[in-house]
Amino acid sequence: MNPVAPVISVKASGGNPWRFCLCLILLSFALLPKSVEAHQAHAGITEISWNNNTGEVEITHRLYAHDLEPRLFQTPLSGWENTLEGIEKVGRYSHAKFMMIVDGEPVPLSYVGAEPEGEFIYIYFTAPEIENGKTIVVRDSLLMDAFDDQINLVNVTLNGQTHSQYFRYGDKGKTFLWQPLSD
Amino acid sequence: MQRIIGAIALFSVISTPVFADPISQTKGSFQDKFRQLEDEDWPTPNGVRSATGAPGSQYWQQQADYKIKITLDEGKRHLSGSSEISYTNNSPESLPYLWVQLDQNRFRKDSLGELSATTGSSDKISYRAARRAMVMKSFKGGYDILGVTDANGKALPYTVVDTLMRIDLPAPLKAGGKTRFKIDYAYNIVDAKIVGGRGGYECFTKKDEDGNCIFEISQWYPRISVFSDYEGWHNKAFLGRGEFTLEFGSYDVEITVPADLVVASTGDLMNPEEVMSAEQRQRFDKARTAKSPVFIVTPAEAAAAEKKKVKGTKTWKFHADDVRDFAWAASRKFIWDSMGVNLNLEGSPDTIMAMSFYPKEAEPLWSAYSTKAVAHTVAVYSKFTTPYPWPKAISVNGPVGGMEYPMITFNGPRPVKDDDGNLTYSRRTKYGLISVIIHEIGHAFFPMTVNSDERQWTWMDEGLNTFTQYLAEREWEEDYPSRRGEPKNITNYMKSQFQVPIMTNSESILQFGNNAYGKPATALAILRETILGRELFDKAFATYANRWRFKRPTPYDFFRTMEEVSGVDLDWFWRGWFYSTDHVDISIDKVVKGTINTQNPDVEADYLIERDKTEPASLTVARNADIEKWADRDPSVLDFYNKNGKHAVSDGQRKKYKKSLKDMEPWQKDILSTKENFYFLTFSNKGGLVMPILLELSYADGTRENINLPAEVWKNNPKKITTRVMSEKELISVTVDPRWQTADVDVENNTYPRRIIPSRLEVFKGRKTRKNLMQKMEKAVNRDSLVTHKAKKSKKGKKDE
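What counts, and where the lines are drawn
Residues numbered from 1 in each chain as written. Chains lettered and ligands numbered in written order. Predicted model: local features only at pLDDT ≥ 70, side-chain atom pairs only at ≥ 80, totals over all residues. Heavy atoms only, no water. Helix = DSSP H or I, 4+ residues; strand = E, 2+ residues; numbered from the N terminus. Buried < 20%, exposed > 50% of the residue type's maximum accessible area, 1.4 Å probe, protein only. Contact = heavy atoms within 4.5 Å. Areas by Shrake-Rupley, 256 points an atom, 1.4 Å probe, with all protein chains shown as cover. Core = buried A, V, L, I, M, F, W, Y, C linked by side-chain atoms within 4.5 Å. Bend = angle between axes of the 7 residues up to and from the residue. pLDDT = per-residue confidence, 0-100. Phe/Tyr/Trp six-rings, centres within 6.5 Å; stacked < 30°, edge-to-face > 60°. Lys NZ or Arg CZ within 6 Å of the ring centre and 35° of its normal. Pairing = 2+ DSSP bridges. Axes fitted to C-alpha atoms, helices over the stretch in contact; angles between N-to-C directions. Patch = residues over 30% accessible without salt bridge, like charges linked within 9 Å, V, L, I, M, F, W, Y side chains within 5 Å. Salt bridge = Lys/Arg side-chain N within 4 Å of Asp/Glu carboxyl O. Disulfide = S-S within 2.5 Å. Polar contact = N/O pair within 3.5 Å; in protein donor to acceptor, adjacent residues only side chain to side chain. Parallel < 35°, antiparallel > 145°, perpendicular 65-115°, else oblique. Left-handed = near helix turned anticlockwise from the far one by under 90°. Nonpolar A, V, L, I, M, F, W, Y, C, P; charged D, E, K, R; others polar.

> Which parts of the structure should I look at to understand the overall build of chain B?
When its secondary structure is counted, chain B shows 23 helices and 34 strands. In chain B, which comprises 801 residues, the proportion classed as buried is 54%. Restricting the contact set of chain B to residue pairs at least 6 apart, pairs at least 24 apart contribute 75%. Of the roughly 38,000 Å² of accessible surface on chain B, 52% is carried by carbon and sulfur atoms.

> Is there a simple way to explain the overall build of chain A in this structure?
Across its full length, chain A carries three helices and 10 strands. When the helices and strands of chain A are read in sequence order from the N terminus, they spell out α-β-β-α-α-β-β-β-β-β-β-β-β. Burial analysis of chain A (183 residues in total) assigns 56% to the buried set. Surface summary for chain A: the accessible area is close to 7,500 Å², and the carbon and sulfur share equals 55%.

> Just to check I follow, could you spell out the nonpolar core for this structure?
Nonpolar side chains tend to gather and get buried jointly when the protein is soluble and globular. Of all hydrophobic cores here, the largest spans 187 residues; its most connected members are W220, W328, F558, F573, W574, W577 and F683 of chain B. Ignoring anything within four residues of it in the chain, the contact list for W574 of chain B reads L37, W42, L527, F558, F559, M562, E563 and Y579 of chain B. One finds L63, I87, I123 and L158 of chain A within the second-largest nonpolar core, a separate group that totals 39 residues.

> Help me understand helix α12 (residues 512-532) of chain B in this model?
Two residues of an α-helix separated by three or four positions point the same way, owing to the 3.6 residues in each turn. Residue and element names in this part refer to chain B. The largest bend in α12 comes to about 30°, at G518, with the proline P520 one to four residues further on. The buried fraction of α12 is high, at 20 of 21 residues. In the stretch just after α12, G533 is the one whose phi turns positive, near 85°.

> What exactly am I supposed to notice about the environment of P55 of chain B here?
Residue and element names in this part refer to chain B. Here P55 lies in the loop between α1 (2-15) and β1 (63-73). The sequence separation of P55 and R547 amounts to 492 residues, and the corresponding C-alpha distance is 7.1 Å. Dropping the residues within four chain positions of it, P55 is found in contact with V48, S50, R547, W548 and K551.

> Help me understand the confidence of the model for chain B, please; the structure alone is not making it clear to me.
Regions with low pLDDT carry predicted coordinates that are not meant to be interpreted in detail. Residues and elements named next belong to chain B. Mean pLDDT over chain B works out to 90, with 92% of the residues at or above the 70 mark. This model gives residues 1-18 a pLDDT under 50, and the stretch forms zero contacts once residues within four places in sequence are excluded. Under a pLDDT of 50 for its full length, residues 794-801 has, in the predicted model, four contacts with residues more than four places off or in other chains.

> Sorry, what's going on with the packing of aromatic side chains here?
The relative placement of two aromatic rings is captured by the distance of their centres and the angle of their planes. Residues and elements named next belong to chain B. Here the structure, examined in full by the defined rule, presents 53 aromatic pairs over all chains. Relative to W572, the ring of F34 has its centre 6.3 Å away and its plane inclined at 40°; by these criteria the two rings are tilted. Note that F34 is positioned in the loop between α1 and β1 and W572 in helix α15 (residues 571-578), a separation of 538 residues in sequence. Chaining the aromatic ring pairs together yields one cluster made of F34, W42, W459, Y544, F558, F559, W572, F573, W574, W577, F578 and Y579. Lying over the aromatic face of F244, R223 brings its terminal NZ or CZ to 4.5 Å of the ring centre.

> Help me out: how do you make sense of the sheet that holds strand β3 (residues 95-101) of chain B in this one?
Through backbone hydrogen bonds, the strands of a sheet pair up, either in parallel or in antiparallel fashion. All names here are of chain B. The strand order across the open sheet formed by four strands is β5-β6-β3-β10, and the pairing between neighbours is antiparallel. Where the open sheet ends on each side, the last strands, each with one partner, are β5 (158-161) and β10 (223-224). Of the strand pairs in this sheet, β3 and strand β6 (residues 164-173) are connected by six bridges, and their pairing is antiparallel. Of the residues in β6, the one forming a bridge with Y97 is D168.

> What is the right way to look at the sheet that holds strand β8 (residues 151-158) of chain A in this model?
All names here are of chain A. One open sheet accounts for six strands, arranged β5-β6-β2-β1-β8-β9; its pairing is mixed. In this open sheet, the two strands that pair with only one neighbour each are β5 (110-117) and β9 (161-167). This sheet shows a mean twist of 15° between the axes of neighbouring strands, independent of strand direction. Direction of pairing for strand β1 (residues 43-51) relative to β8: parallel, over a ladder of seven bridges. Bridged to I48 within β8 is V156.

> For this particular structure, what's the right way to read the environment of F678 of chain B?
Residue and element names in this part refer to chain B. Note on placement: F678 falls in strand β27 (residues 677-685). Spatially, the C-alpha atoms of F678 and K593 are 5.9 Å apart, while their sequence positions differ by 85 residues. With residues up to four places along the chain from it excluded, the contact list for F678 reads V592, K593, G594, I596, R724, V725 and M726.

> I'm lost on the pairing of strand β7 (residues 178-188) of chain B in this one. Help?
Remark: a regular strand shows side chains that alternate across the two faces of the sheet. Residue and element names in this part refer to chain B. As paired strands, strand β2 (residues 78-88) and β7 are joined by 11 bridges and run antiparallel to one another. Bridge pairing links I85 to F181 in β7. Pairing geometry for strand β4 (residues 144-150) and β7, over six bridges, is antiparallel. Bridge pairing links V148 to I183 in β7.

> Looking at this model, I keep getting lost on a nonpolar patch on the surface. Mind explaining?
A grouping of W630, V637 and L638 of chain B is seen on the molecular surface, where their side chains present a nonpolar patch of about 320 Å² in accessible area. Among the structural elements, W630 of chain B can be located in helix α18 (residues 630-633).

> I tried to follow the state of the cysteines on my own but got confused; where do I start?
Residue and element names in this part refer to chain B. Applying the stated criterion across every chain yields a total of one disulfide over all chains. Here C203 pairs with C213 through a disulfide, and the sulfurs are 2.1 Å apart. For the disulfide bridge between C203 and C213, the dihedral angle about the S-S bond is near 100°, and by the sign convention the bridge is right-handed. Of this pair, C203 sits in strand β8 (residues 200-203) while C213 sits in strand β9 (residues 213-217), and the two are 10 residues apart along the sequence. For the pair C203 and C213, a shared accessibility class is recorded, and that class is buried.

> Is there a simple way to think about unusual backbone geometry in this case?
Leave glycine aside and you will find that most residues have negative phi; peptide bonds, for their part, are mostly trans. All names here are of chain B. Along the chain, E363 connects to P364 via a cis peptide bond; the corresponding omega equals 10°. You can see P364 is positioned in the loop between β20 (352-358) and α8 (365-384). Omega for the bond connecting Y752 with P753 falls within 30 degrees of zero, at -5°, which places this linkage in the cis form. Within the secondary structure layout, P753 lies in the loop between β32 (751-752) and α22 (760-770). The backbone of Q599 shows a phi angle near 70°, a positive value even though the residue is not glycine. Residue placement: Q599 occurs in the loop between β26 (586-595) and α16 (601-614). A residue is classified by how much of its surface remains accessible, and Q599, at 46% relative accessible area, is partly exposed.

> I tried to follow the side chain of S164 of chain A on my own but got confused; where do I start?
Turning to its location among the elements, S164 of chain A is positioned in strand β9. Looking at S164 of chain A, the relative accessible area reads 4%, which means it is buried. Engagement of the side chain of S164 of chain A in a polar contact is seen with the side chain of N155 of chain A, the distance being 3.0 Å. Here Q497 of chain B takes part through its backbone nitrogen, which lies 2.6 Å from a polar atom of the side chain of S164 of chain A. In contact with S164 of chain A, not counting residues within four places along its chain, are L153, V154, N155 and F176 of chain A together with S496, Q497 and F498 of chain B.

> Looking at this structure, how should I read the pattern of salt bridges?
Any two side chains of opposite charge can pair, so long as their charged atoms come close to each other. Residue and element names in this part refer to chain B. According to the stated counting rule, one finds 52 salt bridges over all chains in the structure shown. Notably, a salt bridge pairs D557 with R49, separated by 2.6 Å at the nearest N-O pair. Of this pair, D557 sits in helix α14 (residues 555-566) while R49 is found in the loop between α1 and β1, placing the two residues 508 residues apart along the sequence. The residues D557 and R49 share a single accessibility class, namely buried.

> Is there a simple way to think about the packing of helix α10 (residues 458-474) of chain B against helix α13 (residues 534-547) of chain B in this case?
Pairs of packed helices are described in terms of their axes, by the angle between the two and the distance that separates them. All names here are of chain B. The geometry of α10 relative to α13 is characterised by a closest axis approach of 14 Å and an angle of 135° between their N-to-C directions. As far as their axial angle goes, α13 and α10 are oblique. Viewed along their axes, α10 and α13 form a crossing whose handedness is left-handed. Mapping the contact onto sequence places M460, L464, F467 and T468 in α10 and F537, F541 and Y544 in α13. By residue class, the composition of the contact of α10 with α13 is six nonpolar, one polar and no charged.

Encoded structure:
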């Protein structure tokens, strides 16, 4: 219900010290509006786990439908979940905004599909098995192009143990240790 | 420099976990999850707050009555006026000074709120944040205090401290005394769409828009700070998140606006004949008994008003009793509809006018749903909590996404226009609108009537309200898409590592929505459906709301009331859900079947022989079958023992058994002859939160039995317990929490023997094969890309059901 605003990037360039300074000056005024209203919270949850039965890594994003739908669809009346185009669009968007990296290489994510349930949209991806003991870097900017107060929680659950990281606007990659076979 | 910071950080990490708890477990690792909270965290009851959770016989609270005159300068988006506050000191203390809240000072560039805001990113800024920063740079926010005077017009000394102002009285205000003072003030209204906040203006100045504005005015007059029995003066600054607590009183407010603006406000309109046309007043009367909303200002009238500004001003006069705050909205864009609600409840007015004010941009959703959602909320909440106390309840559409005030709420959702100019709204926009209206109107009960302190305890109004919102949504239509309240929706949050207990100050909460709204709402839903049951819960919950109607409760008053009225000790529940960050994960680890030893040697021998048969034979013995043994060649080595197996029964044993039967009491014989099986079920608590164990037992004969073990099974060992179930039937499987009603985060370990529970993703895949849109459309994708291509057709036409 907050206005959907695109995001510009004011990247600090290492090679140009003057530009870097300009950024810092700009940032000193760049207070994020605290727009948490009486019931609002822009929050997403992503679950990453290893499915012992299929040998695949499963990634499930849960986002608020009323946050994601206006971002993607101008004509939501049709019900995106009933059209191939709609399902693809949700997949393309999530694919672009979420990434897992192992050994400097992006993990190939296969889009399984998406479905609305209540006020949520669930979006599913799978990835091939990741080697035990690797470090995975996760980058998550889902809906941060719409809301600068979006907060995404990523849970990596392996062997019943959950490790969590928060992602806010502008956050870089965060690491998790991938140890599904710790015992 | 960095090293010093590092050292400080390290020091603080080491020094924080030291609590001055006089009672501590210093041997072993036993945790008493049932330890009573009385006197440990809960304050000692006193005459103001009773041990029962009710207000005590000496309960007091201050009273503040306001007379306000305010003028809106539409062009300058500026408010100026004066407030006369009559303050009654009902406390036993003498007050040398008074504190007043100046919430608009939050929008000063040097406010604690602005200066303490941090950015998520260290090198990026969003358009929105950049735009806000630029607007704030040139915006002059905060109050201009033009004068503070006593009843005789004499200036009173005052000191502004961020969002607070201390007024020094010439002589202390004695217990039971009353004082009157006046504040003249003015301030610039914020652009709510850019700056944010809980009020402000929104102007429709884009191409093709009519150029008019909506004003939603809140935190607009200096409000007396709370002086309470448990905190004295509440002088924690407003940082922007932790909302408010206020004193009750009556209000006379005169709002002067351009003559063609329509005003929606807290309170009864005292001069309708001056501000409404005769026709509008007739329609209003018709609305009182209407079965569906009636337009007071029609869409056509609003459209005409948008086109032409009228000169001059009008003053709208309102009066309100028993309110803790006052807010209003004004626009010439407003369409206004209303219908009466009759609750027939003592404590509610005979007719409550449910109303909505909205611009054409909110149509067609608003005329269809807003006022009906208001009426529904007022009725359902009155049933579950305390009767709605005021004559009106308003929903206004404007720039604020969702915010509550007594009798009036600001709600944001609107349909959208696409590039071709088609007006659309999604299913979820519709339910988003209904939900936000239920939520914000619901706040009329918590905290506008049950006056809890959101600056300190966000969950006390947001959590209780989100829970009641869930009840109201469930009564709007079947399968209403509620976002909060269902136990399974909170599990992802509950198991995550970054979280704080619900009992945390508002400004320090991580994951605000989950912590202060979702988790307490779910906890109460579980308390109602699973722990107490509806009857006990509903009585206790309504008792809490009625006890604290127009009074100020603390968390402990809520906890005590729920226990005292239900008659159930819930300290373990508050500890687990409200005081800790544990989650629910109960695992069934082992099931052992036991039968009674009959002591009858023949029966037991048969049992042992049968048991031996279930064991596989020795591999060596089997492979040696063809080898000739010594005993085969020389049978003389076979004797008595070779003829009688190891389980053979002697006559002596039989005699002894018969003799012992003679000596037995009948009940002992019954036990020995029982057909009952004894099953030993071992559970471990992996999440830490103690909860009842809800069991579904499946038997070989196809029947099922449900047994609920109370949370107290964990009292002597909160980590691992074994319980015993007796049945003549053959138990084949055990399921913990089969209906997913406890927010158990890992349901894989809820069955014995283990059953593979398909993941959500697998379930989705499974559904997809039954009814797959892509297949129906004869399309397919490759594993690595979303681009679809024409699907290859198999020769056999597979059934698509």
